[in-house]
There are 2 protein chains.
Amino acid sequence: MNSNNGITILKIGGSVITDKRSEDGLAWEEEIVRIAREISGFEGKLIIVHGAGSYGHPQAKRYALTEGFHAEGAVVTHNAVKALNRIVVGILNDEGVNAISVHPMCCTVAKNGRISDMYLGSIRLMLEKGLVPVLHGDVVMDEVKGVSIISGDQVIPYLATQLKASRIGVGSAADGVFDDKGVTIPVITSMNFDEIKAYIGGSAGTDVTGGMLGKVLEMLELGKTSSITSYIFNATVVGSVSSFLNGENIGTAIKDS
Amino acid sequence: MNSNNGITILKIGGSVITDKRSEDGLAWEEEIVRIAREISGFEGKLIIVHGAGSYGHPQAKRYALTEGFHAEGAVVTHNAVKALNRIVVGILNDEGVNAISVHPMCCTVAKNGRISDMYLGSIRLMLEKGLVPVLHGDVVMDEVKGVSIISGDQVIPYLATQLKASRIGVGSAADGVFDDKGVTIPVITSMNFDEIKAYIGGSAGTDVTGGMLGKVLEMLELGKTSSITSYIFNATVVGSVSSFLNGENIGTAIKDS
């Protein structure tokens, strides 16, 4: 395994572990088991962030949470994604990963839809003690909007910057970012982004947080501010998660230049 | 209802809502429903903190968590009390309270068993928006011991001090604090504490956090530092929770002088 002493952040997309066409949350538990087994051999410091998929996006739409504050909607949407997190963390522990939930709702404040403050004291100590914090896209309190939805794709660059992560993998349901001919683009930088932006779509199914274009934008910004390279790869492919954790450069690399 | 504009903190003891003799967590759901209905009319800013009861204490003992760090023990114990919190928050919402979980594990760091840091940004905004944060006794990361157990009785004075709460009620399974003849002591201050200390026992059943004596010590300290009066009352009595929320002084009052 990778001898890297830094922090690795692994995103598991909502489309990898849930059926995004479901209106009420349907988890692909066999896929979660497979991914948990690929993670279980990893010995470095690891943070996992998973998407909400059908545990959160449909609920957020139903209550129009992106439009404004709705107390019941916030509670229902948050509880939906917590239910998925419980499945993920349960399976990770079954497979030998000392995973522990960190719910952004408990430790994060946003301002107009962007994270303005996230408490990292617990996460730092978890990493020191060999625990694996598992975060997720969530509803969080917002100083301006009351509540807002923070995608996993926004949590990752925040954590990466604050904790000086060394390696980021964004496991999605596609082989990477495609060009107009459906071929994976190997590298995206701020130099070629404008040219290829038009090819990059949203995600299939219900997604209130911006799909693939949202991911690329977050990772480009991260490359700019922290010189970290992120990899968007296909986590539905058997072995891809362990390949990433082993230090291989797979999928599309996103960096500043 | 009480016209108080300040923050009220209500503790619901683990012995009120669970069978503490159980080794694996047994919740008294009918009691939780009754208490949730007594809470549902309250219009002020409210924080609820519940004990772990048999969802946490037996697990913590099994893994000897007070003796030292144990990754699996921390995860299992934390997940046990989260399961109770899910029941409590679910019933509160069913009864019309916009309750939302705040797990200390996600937002608290301890130092040698005492809270050294708790993130309050989310809680402050929840209170502003009319949501009711529901915290609980929990396992949290500890800078010295790896993890430690933070009782609800420790969370309350911390929150009360930091958020300048105006009213604290500790709903336990006894009518208050008893003297040597089994009569409820109406007021405990630092003046009479030494004299009555000997009467005050631990709690019945499994409790790793100090029982009634622990509660009184926390509340006395709070009276000393913040001039807040706390009430220990019997939350198993029908109507007691709404009496407290209505501003009545029930049970044993604990204050500095």
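Quick notes on the rules
Residues numbered from 1 in each chain as written. Chains lettered and ligands numbered in written order. Predicted model: local features only at pLDDT ≥ 70, side-chain atom pairs only at ≥ 80, totals over all residues. Heavy atoms only, no water. Helix = DSSP H or I, 4+ residues; strand = E, 2+ residues; numbered from the N terminus. Rg over C-alpha atoms; globule rule 2.2 N^0.38 Å. Buried < 20%, exposed > 50% of the residue type's maximum accessible area, 1.4 Å probe, protein only. Contact = heavy atoms within 4.5 Å. Lys, Arg positive; Asp, Glu negative; His and termini not counted. Charge placed at Lys NZ, Arg CZ, Asp CG, Glu CD. Phe/Tyr/Trp six-rings, centres within 6.5 Å; stacked < 30°, edge-to-face > 60°. Least-squares fit on C-alpha atoms with pLDDT ≥ 70 in both. Pairing = 2+ DSSP bridges. Axes fitted to C-alpha atoms, helices over the stretch in contact; angles between N-to-C directions. Core = buried A, V, L, I, M, F, W, Y, C linked by side-chain atoms within 4.5 Å. UniProt positions renumbered as here; feature names shortened; annotations may be inferred. Salt bridge = Lys/Arg side-chain N within 4 Å of Asp/Glu carboxyl O. Buried area = accessible area lost by both parts, 1.4 Å probe. Polar contact = N/O pair within 3.5 Å; in protein donor to acceptor, adjacent residues only side chain to side chain.

Asks: Got a sec to walk through the overall build of chain A? Specific residues and values, please.
Replies: Of the regular secondary structure elements, chain A holds 10 helices and 12 strands. Taken over the C-alpha trace, chain A has a radius of gyration of 17 Å; the compact-globule value for 257 residues is 18 Å, and the two agree within 12%. Referenced to the eigenvectors of the C-alpha coordinate spread, the extents of chain A come out at roughly 45 × 45 × 35 Å. Across the 257 residues that make up chain A, the buried fraction comes to 59%. A fraction of 74% describes how many contacts in chain A between residues 6 or more apart in sequence connect residues 24 or more apart. For chain A, the separation between the mean place of its 22 positive charges and that of its 28 negative charges on side chains is 4 Å.

Asks: Let's hear about the packing of aromatic side chains: which residues, and what values?
Replies: Within this structure, the stated rule accounts for three aromatic pairs over all chains. Taken together, a centroid distance of 6.1 Å and an interplanar angle of 25° make the contact between Y119 of chain A and Y119 of chain B stacked. With one member in each of two chains, Y119 of chain A in the loop between β5 (114-118) and α6 (121-128) and Y119 of chain B in the loop between β5 (114-118) and α6 (121-128) form a pair that bridges those chains. Its relative accessible area of 10% is what places Y119 of chain A among the buried residues. Aromatic pair F233 of chain A and F244 of chain A: ring centres 5.5 Å apart, planes at 20°, arrangement stacked. Of this pair, F233 of chain A sits in strand β11 (residues 230-234) while F244 of chain A sits in helix α10 (residues 240-245), and the two are 11 residues apart along the sequence. You'll find F233 of chain A and F244 of chain A in the same group, each marked buried.

Asks: I'd like a description of the relation of the copies chain B and chain A, backed by residues and values.
Replies: Superposition of the two copies of the chain requires a rotation about an axis together with a shift along that axis. For the pair chain B and chain A, the superposition axis carries a translation of 0.0 Å, the fit reaches an RMSD of 0.0 Å, and the rotation angle comes to 180°. Taken together, the rotation and translation relating the two chain copies correspond to the operation of a two-fold axis. For chain B, the minimum C-alpha distance to the rotation axis belongs to C107 of chain B and amounts to 2.7 Å. Looking at the interface residues of chain B, 100% of them are also at the interface in chain A, so both copies use one shared face.

Asks: Which residues make up the sheet that holds strand β10 (residues 187-188) of chain B, and what are the values?
Replies: Residues and elements named next belong to chain B. Strand order in the open sheet formed by eight strands is β3-β6-β2-β1-β9-β11-β12-β10, with mixed pairing between adjacent strands. The sheet is open, and its two borders are formed by β3 (99-101) and β10, each paired with just one other strand. With two bridges connecting them, β10 and strand β12 (residues 252-254) associate as parallel partners. Each bridged residue has a counterpart across the sheet, and for V187 the counterpart in β12 is A253. Helix-sheet contacts for helix α9 (residues 211-226) involve β1 (7-12), β9 (167-172), β10, β11 (230-234) and β12, and the interaxial angle to β9 is about 175°.

Asks: Just give me the short version of the nonpolar core, but keep the residues and values in it.
Replies: Formed by 111 residues in total, the largest nonpolar core has its most connected members in L159 of chain A together with L159 of chain B. Once you skip the residues sitting within four places of it in the chain, L159 of chain B turns out to touch I9, I47, V49, M118, L120, I123, L135 and K164 of chain B. Judged by nonpolar contacts, the second largest core, of 31 residues, contains I17, L46, V89 and V241 of chain A.

Asks: Residue-level account of the UniProt feature "binding site: substrate" (unreviewed entry) in chain A, with values.
Replies: Residue and element names in this part refer to chain A. Mapped onto the present numbering, the UniProt feature "binding site: substrate" (unreviewed entry) falls on A52, H57 and G152. Annotated residues spanning 101 residues; largest pairwise C-alpha distance 12.2 Å, indicating a single compact cluster. With respect to the helices and strands, the residue A52 is situated in the loop between β2 (45-50) and α3 (57-62). Summarising the element assignment, G152 is placed in helix α7 (residues 152-163). Leaving out residues up to four positions away in the same chain, G152 has contacts with K11, V49 and G137.

Asks: Provide a residue-level description of the environment of I254 of chain A, including the pertinent values.
Replies: Structurally, the position occupied by I254 of chain A is in strand β12 (residues 252-254). When neighbours within four sequence positions are excluded, I254 of chain A is seen to be in contact with I188, V216, M219, L220, I228, T229, S230 and I232 of chain A.

Asks: For the pattern of salt bridges, give the residues involved together with the corresponding values.
Replies: Evaluation of the coordinates by the stated rule reveals 20 salt bridges over all chains. The shortest N-O distance in the salt bridge between R21 of chain A and D19 of chain A comes to 3.0 Å. Assessed through its relative accessible area of 65%, R21 of chain A is described here as exposed. Note that K215 of chain B is salt-bridged to D153 of chain B, the shortest N-O span being 3.2 Å. Taken together, the residues K215 of chain B in helix α9 and D153 of chain B in helix α7 (residues 152-163) connect sequence positions 62 residues apart.

Asks: Which residues make up the interface of chain B and chain A, and what values go with them?
Replies: At the junction of the two partners, chain B supplies 31 residues and chain A supplies 31 residues. Across the chain B to chain A interface the summed buried area is about 2800 Å²; carbon plus sulfur atoms make up 71%. Summed over the three residues of chain B that lose the most area to chain A, namely C106, Y119 and M141 of chain B, the buried surface amounts to 22% of that side. At the surface where chain B touches chain A, the tally comes to zero salt bridges. Where chain B meets chain A, there are 10 residue pairs in polar contact (both at pLDDT 80 or more). At the level of elements, α4 (71-94), β3, α5 (104-107), β4 (108-111), α6 and β7 (138-142) of chain B are the ones that each hand at least two residues to the side of chain B that touches chain A.

Asks: Please give an account of the environment of G44 of chain A that cites residues and values.
Replies: Within the secondary structure, G44 of chain A is located in the loop between α2 (29-40) and β2. C-alpha separation for the pair G44 of chain A and V132 of chain A, spaced 88 residues apart in sequence, amounts to 9.8 Å.

Asks: Give me the lowdown on the pairing of strand β4 (residues 108-111) of chain A, citing residues and values where you can.
Replies: Residue and element names in this part refer to chain A. Inspection of the sheet shows β4 paired to β5 by four bridges, in the antiparallel sense. Residue pairing for β5: K111 is matched across the bridge by R114. Connecting β4 to the next strand, β5, in antiparallel fashion are two residues, including N112 with a positive phi near 50°. As paired elements, β4 and strand β7 (residues 138-142) share two bridges and run parallel to each other.

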